[in-house]
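Residue-level listing of the chains:
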Amino acid sequence: MKNRNAKFLTLIAASIASATVFTGCIGNDARTSSQRQSQLRHITEAGGGSGGGLQNEFRCSGVANVLPHYDYRLNGTMEFEACAHQGVNSKVLILAEALPDREICVLPAQYLSDERVMVKPGADLLPIYQCGTPREIGLMLDFPAVNYNAVIVVERADLAAIRSCMGSGYAAGCPQHWSWGRFRQ
């Protein structure tokens, strides 16, 4: 089975000035996708062609940069592309590899190094998140007043488990099915 991480993922429960840190080996082996390219075409068309629209708002490379922690389906189902907004750091566009009609949840995170990523906790001290369905043009999210350069993506059914394990640092409680990656410096 395909395991993306070179090391065993360990979670460290530490609240450091509004962030919970978890460690592991981050190494995204980016891949292209015809589904993602189709979404990029829809974004361009939604913007009315040249001269404006969503294609001018987000920087998308057409390469998956949010990859599965563990690809249990062995088919790239949980691969995504996170696109940075051109002018507003709180906004991100998520393009789905193979789940365009399934609800996903996105947790903003701060990539520090290949071994350290901080998730952003809310008032309940659990990681903040937003959920939605990517559809044809992707899922646009806005996390105001949050400094982040990476995301963690899970299916809606795994949201409670990922928030609990990321918030507590208890690695055994994490679901196997989640993806993560950095999308800007």
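In this text the structure is predicted, and so the values were computed from the model without any measurement.

Before going further, it helps to spend a moment on the confidence of the model for the protein. With 65% of its residues at a pLDDT of 70 or more, the protein shows a mean pLDDT of 74. For the protein, strand β2 (residues 10-15) is the element with the lowest average pLDDT, namely 28, and strand β11 (residues 130-132) is the one with the highest, namely 96. Across residues 43-52 the pLDDT falls below 50, and counting only partners more than four positions away or on other chains, this stretch makes 16 contacts in the model.

On to the packing of aromatic side chains. Using the criterion set out here, one finds 3 aromatic pairs in the structure. With centroids separated by 5.5 Å and ring planes inclined at 80°, the aromatic side chains of F143 and Y148 adopt a geometry described as edge-to-face. In this pair, the class of F143 matches that of Y148, namely buried. A network of ring pairs unites the aromatic residues F143, Y148 and F183 as a single cluster. Here R184 stacks its cationic end above the ring of Y148, 5.0 Å away from the centre of that ring.

In terms of burial, strand β7 (residues 80-85) is a largely internal element, 6 of the 6 residues being buried. Pairing of β7 with strand β8 (residues 91-96) involves 5 bridges; the strand directions are antiparallel. Counted as the bridge partner of A84 is V92 from β8. Between β7 and β8, which pair antiparallel and follow one another directly, the connecting turn spans 5 residues.

Here is what the cut-offs are and how they apply
Residues numbered from 1 in each chain as written. Predicted model: local features only at pLDDT ≥ 70, side-chain atom pairs only at ≥ 80, totals over all residues. Heavy atoms only, no water. pLDDT = per-residue confidence, 0-100. Helix = DSSP H or I, 4+ residues; strand = E, 2+ residues; numbered from the N terminus. Contact = heavy atoms within 4.5 Å. Phe/Tyr/Trp six-rings, centres within 6.5 Å; stacked < 30°, edge-to-face > 60°. Buried < 20%, exposed > 50% of the residue type's maximum accessible area, 1.4 Å probe, protein only. Lys NZ or Arg CZ within 6 Å of the ring centre and 35° of its normal. Pairing = 2+ DSSP bridges.

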